[in-house]
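# Inside the fold
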Amino acid sequence: MGTHSGKVGQFIVFGLALAFALCTPCAAESSTRAVHVMRVVGSINPGVAIFVERAVADAEEADAECLIIMLDTPGGLADSMRAIVQSMLESTVVVVVYVAPAGARAASAGVVITLAAHVAAMAPGTNIGAAHPVPAGGGKMDETMSKKVENDMVAYVRSIAEEKGRNADWAEKAVRESVSITAEEALKKKVVDLRANDLDDLLKQLDGRTVSILSERKVLKTSKAEVVRVEEELREKILRTIADPNIAYILMMLGFVGLYFELSSPGAIFPGIVGAVSLILAFFAFQTLPVNYAGILLILLGLVLFVLELKVVSFGMLTVGGISCLVLGSLFLFKGDDMGLIRVSWGVLLATVAVVTLFFTVVVGLVVRAMLRKPVTGSSGLMGELGQVTRTAASGEFKIFVHGETWDADGPEDLAVGDKVEVTEVTGLRLRVRKANR
């Protein structure tokens, strides 16, 4: 009996061991980590930077195999670019920048972001380059400032390219000479590491690739990885949209005009709501942009001068001063950025100032016209009005019909019933009239 029990026990142990051995590959396969994929399309601004930083943090928390950033950008703000690059360099998860789909580009700030990736890839029909610093919103930097910004960007981009083992000489040319190359050229010049037709092709090429991350070596396993799409949150979408200097500027001006309209015509409600919301959104964008508050004060002064034009007879001088303050404030609204000057584009600036000026000019015109208009009610409204004698009383006393009412009146003794008279004076409820000559 003991021998039989021992054999049964051995059989059970053997069966458990076999089951464990068979299940281990399944468990290993089921524990394959996911690949997070996000899209960055459009200019690089604070909203995009927050999106990327959050995506990197989420990938780290989920212990993802890697984070793939599908990039298509014409460039953007240097501060936002640096924030993205810093989050990538400090990431404990491999970050892959994939310039895609066909027709996409990684220009200006996009060049630096691509070079900073642990793995850089491009799709056929894409290009990379043209990283020379330019003023955001138009304009031109003076020669000294341009050289200073250029040298700073060259040092920055070379240090990143050298750290990632990429072509630092080409990176410098991209900044100094604004050179741009195709995906095929970028692969030959060792600007990027891979050329992939699509996301599936990229995952196949990444599988088994050894990547250096934070002084460690990691072998990627992406062939059977689950693809997790990372989408923007509402806050990030809003900030990405309004963080454009031109849009933030328009929102601010719309806010000021809306609040002025509400204060000048209490009870309108809608302009006040639109103005308040616009101002809140504008200042939400300003906290992520390099704002010069002297510009905001000049714009406010311009609006005050427009309001004073309603109260003070200045023969247009206050309006001229208001326009000047609006233009100067708009030009000074944003400070310099590492990639150049951030300013409102001339087209947006001139159009906005013209619309605001037209609005206040129309308002001023309406107010002046109302002040000059002859009163139509009360005693003042009776002066100069024509009436008709309806009854004569004592010498020099009459009843006249004027303004739809019958009034007691004094006038010349030769007036007769039916004569046309003109009101010359109003004393209490009694009028003085004369014979009308018209």
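Summary of the structure given here. (Residues numbered from 1 in each chain as written. Predicted model: local features only at pLDDT ≥ 70, side-chain atom pairs only at ≥ 80, totals over all residues. Heavy atoms only, no water.)

## Some words on the packing of helix H9 (residues 234-242) against helix H11 (residues 270-286)
Helix-helix packing: each pair is described by the crossing angle between the helix axes and the interaxial distance. Heads up, the rule is: Think of each axis as a best-fit line through the C-alpha atoms, taken over the contacting stretch in the case of a helix, with angles from 0 to 180 degrees between the N-to-C directions. Working definition: helices are DSSP H or I runs of at least four residues, strands are E runs of at least two. Numbering for both runs from the N terminus. In these notes the angle categories are as follows: under 35 degrees is roughly parallel, over 145 is roughly antiparallel, 65 to 115 is roughly perpendicular, and the rest is oblique. The contact criterion used is simple: two residues touch if any of their non-hydrogen atoms lie within 4.5 Å. Charged means Asp, Glu, Lys or Arg here, nonpolar means Ala, Val, Leu, Ile, Met, Phe, Trp, Tyr, Cys or Pro, and polar covers whatever is left, Gly included.
The interhelical angle for the contact between H9 and H11, taken along N-to-C directions, is 85°, at an axis separation of 9 Å. Between H9 and H11, the angle is such that the two are roughly perpendicular. Packed against H9, whose contacting residues are Arg-235, Ile-238, Leu-239 and Ile-242, the element H11 presents Leu-281, Phe-284 and Ala-285 at the interface. Tallied by class, the residues present in the contact of H9 with H11 amount to six nonpolar, no polar and one charged.

## Remarks on the nonpolar core
Spelled out, the test is: Working definition of a nonpolar core: buried Ala, Val, Leu, Ile, Met, Phe, Trp, Tyr and Cys residues. They are joined through side-chain atoms within 4.5 Å. Whether a residue is buried, partly exposed or exposed follows from its accessible area with a 1.4 Å probe, protein chains only, as a fraction of its type maximum: under 20%, in between, or over 50%, in that order.
Judged by nonpolar contacts, the single largest core of 52 residues is most densely connected at Met-38, Ile-113 and Ile-128. For this core, the element with the highest residue contribution is helix H2 (residues 46-61), accounting for seven residues. The contacts of Ile-113, once residues within four sequence positions are left out, are Ile-44, Leu-71, Met-81, Ile-84, Val-85, Met-88 and Val-97. One finds Ile-242, Ala-248, Met-253 and Ala-282 within the second-largest nonpolar core, a separate group that totals 31 residues.

## Here's the deal with the pattern of salt bridges
Stated precisely, the cut-off is as follows: We count a salt bridge whenever a side-chain nitrogen from Lys or Arg sits within 4 Å of a carboxyl oxygen from Asp or Glu.
On inspection of all chains with the given rule, the structure shows 19 salt bridges. Across the pair Arg-33 and Glu-65 runs a salt bridge, and its minimum N-O distance is 3.2 Å. Of this pair, Arg-33 sits in the loop between helix H1 (2-30) and strand E1 (35-41) while Glu-65 sits in the loop between H2 and strand E2 (66-72), and the two are 32 residues apart along the sequence. Judged by its relative accessible area of 4%, Glu-65 falls in the buried class. Residues participating in the shared-partner salt-bridge network are Lys-147, Glu-150, Arg-158, Glu-162, Asp-169, Glu-172 and Arg-176.

## Regarding the packing of H2 against H9
At a minimum axis distance of 7 Å, the contact between H2 and H9 shows a crossing angle of 150°. Looking at the two axes, H2 sits roughly antiparallel to H9. Contact with H2, carried on its side by Pro-46, Gly-47, Val-48, Ile-50, Phe-51 and Arg-54, involves Arg-235, Glu-236, Leu-239 and Arg-240 of H9 and no other residues of that element. Taken together, the residues of the contact of H2 with H9 sort by class into five nonpolar, one polar and four charged.

## Things to note about H2
For clarity, the cut-off: Expected helix span is computed as 1.5 Å times (number of residues minus one). The definition of a polar contact used here is a pair of N or O atoms within 3.5 Å, where within protein one atom must be able to donate a hydrogen and the other to accept one, and adjacent residues in sequence count solely through side-chain atom pairs.
With 16 residues, H2 should reach 22 Å at 1.5 Å per residue; the first-to-last C-alpha distance of 22 Å fits that figure. Where H2 is concerned, the buried positions are Pro-46, Gly-47, Val-48, Ala-49, Phe-51, Val-52, Arg-54, Ala-55, Val-56 and Ala-59. Where the residues of H2 are buried, they touch E1, E2, helix H3 (78-89), strand E11 (227-230) and H9. Measuring from the side-chain oxygen of the N-cap residue of H2 to the backbone nitrogen of Gly-47 gives 3.0 Å; that N-cap residue is Asn-45. Looking at the residues trailing H2, positive phi occurs at Asp-63, about 55°.

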